[in-house]
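This is what each chain is made of:
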Amino acid sequence: MTVPFLSLKDITDKYSAETHEAAARVIDSGWYLQGKENVLFEADYAGYIGTRYAIGCANGLDALIWILRAYMEMGVMSAGDEVIVPANTYIASILAITENNLVPVLVEPDIATYQIDDTKIEAAITPKTKAVMIVHLYGQCAYTEKIEQVCKKYNLKLIEDNAQAHGCLYKDRKTGSLGDAAGHSFYPGKNLGALGDAGAVTTDDQELADAVRAIANYGSAKKYVFKYRGRNSRLDEIQAAILDIKLKHLDEDNTLRRNVASRYIDGIKNSKIILPVVTDWDNNVFHIFPIRTIRRDDFQKYLLDKGIQTIIHYPIPPHKQECYRKWNNRSFPITERIHNEELSLPMSQTLTDEQVHYVIDMVNGW
Ligand SMILES: *Cc1c(COP(=O)(O)O)cnc(C)c1O
């Protein structure tokens, strides 16, 4: 048997009739940008996340860049100011900060949850700190009340990177509605994926929403009038139409992912493997299913021999990357340990019962 890490083909085939119809509707309409498909998806997505505004843009990295850029245009922060971010995040969260000439301040995660360690945030704050960017990494909620209290105490913006956690809940609120603003990615492999690149910003703040929308459209809120030196980062109508369909199925797809995760957690019994800690099933949408083992590379080879594809999220932490050379000698032991030990098992809403059983049997046989 072979088990792919993720079959985008299977995921797309599931809603094939609906997405073909939506794409055909846009193709035949003669209107491809900034039209009614964007209006509809933005309204539906804002309603789903629970914010007043959702603004579509070209991709998730841009969504994060535009949030920070808008805060700079609003005078909330300026070049050289600091943004606290987890050291073990995907590089895009950090690129969004440096792209704006802001300074990322890396904070270690908690080894049990892989989310930013909320007890270490306050010590990282300086007079230049203007925001905390939390990342709901691997699909698990990173928000804690303590983080919000620290942000309030020091008057910091709380920004969420919700690229991996569409549909994730904190109590009865969705991630993406917990802070001042959130960036979302609809990269095809994300829980809510487009058939190409797409992203969005959500917020309750009208000034921020207006600024983000203008910046992503050449800096213009009114045709041929330019308030900002903006960029072209719009969400196209075909992707908006496809996303609106997939949004309607997101909760059922996330439930299927949780079922796979729960079967892995019940079935995997191997003392060499550390399973993810789940305290509340609602606050994890299992963008990936991360396990840890000190013999990670052996384990990955063994699984591949058995036909099971896995991926490391991520092999090199941001502070060891060449693009951030000046951090290369710094030490973040928890982050480094995660990057050395993490392996993601196959996870998707289209895995069959037989595939899940097979993965469990093979993992237990290692
Ligand atoms: C995917 C991802 C992004 C970037 O999204 P793109 O749409 O690929 O630009 C940002 N942050 C995290 C944590 C991600 O996983």
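Residues numbered from 1 in each chain as written. Predicted model: local features only at pLDDT ≥ 70, side-chain atom pairs only at ≥ 80, totals over all residues. Heavy atoms only, no water.

**Digging into the sheet that holds strand S3 (residues 103-107)**
At step 1: The seven strands are arranged S1-S9-S8-S5-S4-S2-S3 in an open sheet whose pairing can be described as mixed. A strand with exactly one partner marks an edge of an open sheet, and here the two such strands are strand S1 (53-57) and S3. Ignoring strand direction, the axes of neighbouring strands in this sheet form an average angle of 20 degrees.
At step 2: Of the strand pairs in this sheet, strand S2 (residues 82-86) and S3 are connected by five bridges, and their pairing is parallel. Residue pairing in the sheet places Val85 in a bridge with Leu106 of S3.
At step 3: Packed on one face of the sheet, helix H7 (residues 206-215) meets S1, strand S8 (181-185) and strand S9 (199-203) and runs near 15 degrees to S1. (Pairing = 2+ DSSP bridges. Helix = DSSP H or I, 4+ residues; strand = E, 2+ residues; numbered from the N terminus. Axes fitted to C-alpha atoms, helices over the stretch in contact; angles between N-to-C directions. Contact = heavy atoms within 4.5 Å.)

**What to know about helix H4 (residues 60-73)**
At step 1: Along its 14 residues, H4 runs 20 Å from first to last C-alpha, staying within 8% of the 20 Å computed at 1.5 Å per residue.
At step 2: Counting buried residues in H4 gives eleven out of 14 residues, a clear majority hidden from the surface.
At step 3: Within H4, burial applies to Gly60, Asp62, Ala63, Leu64, Ile65, Trp66, Ile67, Leu68, Arg69, Ala70 and Tyr71.
At step 4: Looking at where H4 begins, the residue whose side-chain oxygen comes 3.2 Å from the main-chain nitrogen of Leu61 is Asn59.
At step 5: Among the residues trailing H4, Gly75 stands out with phi positive, at a value near 80 degrees. (Expected span 1.5 Å × (residues − 1). Buried < 20%, exposed > 50% of the residue type's maximum accessible area, 1.4 Å probe, protein only. Polar contact = N/O pair within 3.5 Å; in protein donor to acceptor, adjacent residues only side chain to side chain.)

**Describing the side chain of Arg69**
At step 1: Residue position: Arg69 is located in helix H4.
At step 2: On the accessibility criterion, Arg69 (18% relative accessible area) is buried.
At step 3: At 2.7 Å, the side chain of Arg69 and the backbone oxygen of Arg229 are in polar contact.
At step 4: Arg69 has contacts with Asn100, Ile215, Tyr228, Arg229 and Gly230, leaving out every residue within four places of it along the chain.

**Notes on the packing of aromatic side chains**
Each aromatic ring pair is specified by the distance between its two centres and by the angle formed by the two planes.
At step 1: Taken as a whole and judged by the stated rule, the model has eleven aromatic pairs.
At step 2: Aromatic pair Tyr143 and Tyr170: ring centres 4.7 Å apart, planes at 70 degrees, arrangement edge-to-face. A residue pair is termed long-range when its members are at least 10 positions apart, and Tyr143 in the loop between strand S4 (129-135) and helix H6 (145-153) and Tyr170 in strand S6 (residues 169-170) qualify at 27 residues.
At step 3: Look at Tyr170 and you get buried, because its relative accessible area is 14%.
At step 4: Seen in terms of ring centroids, Trp281 and Phe286 are 5.7 Å apart; in terms of plane orientation they differ by 40 degrees. Their pairing is tilted.
At step 5: Of the residues examined, Trp281 reaches a relative accessible area of 33% and is grouped as partly exposed.
At step 6: Relative accessible area serves as the criterion here: at 1%, Phe286 is assigned to the buried category.
At step 7: In this structure an aromatic cluster arises from ring pairing among Tyr264, Trp281, Phe286 and Phe289.
At step 8: We note Lys174 situated over the ring of Tyr48; from NZ or CZ to the ring centre the distance is 3.9 Å.
At step 9: For Lys272, the ring lying beneath its charged end belongs to Trp366, and the centroid distance is 5.2 Å. (Phe/Tyr/Trp six-rings, centres within 6.5 Å; stacked < 30°, edge-to-face > 60°. Lys NZ or Arg CZ within 6 Å of the ring centre and 35° of its normal.)

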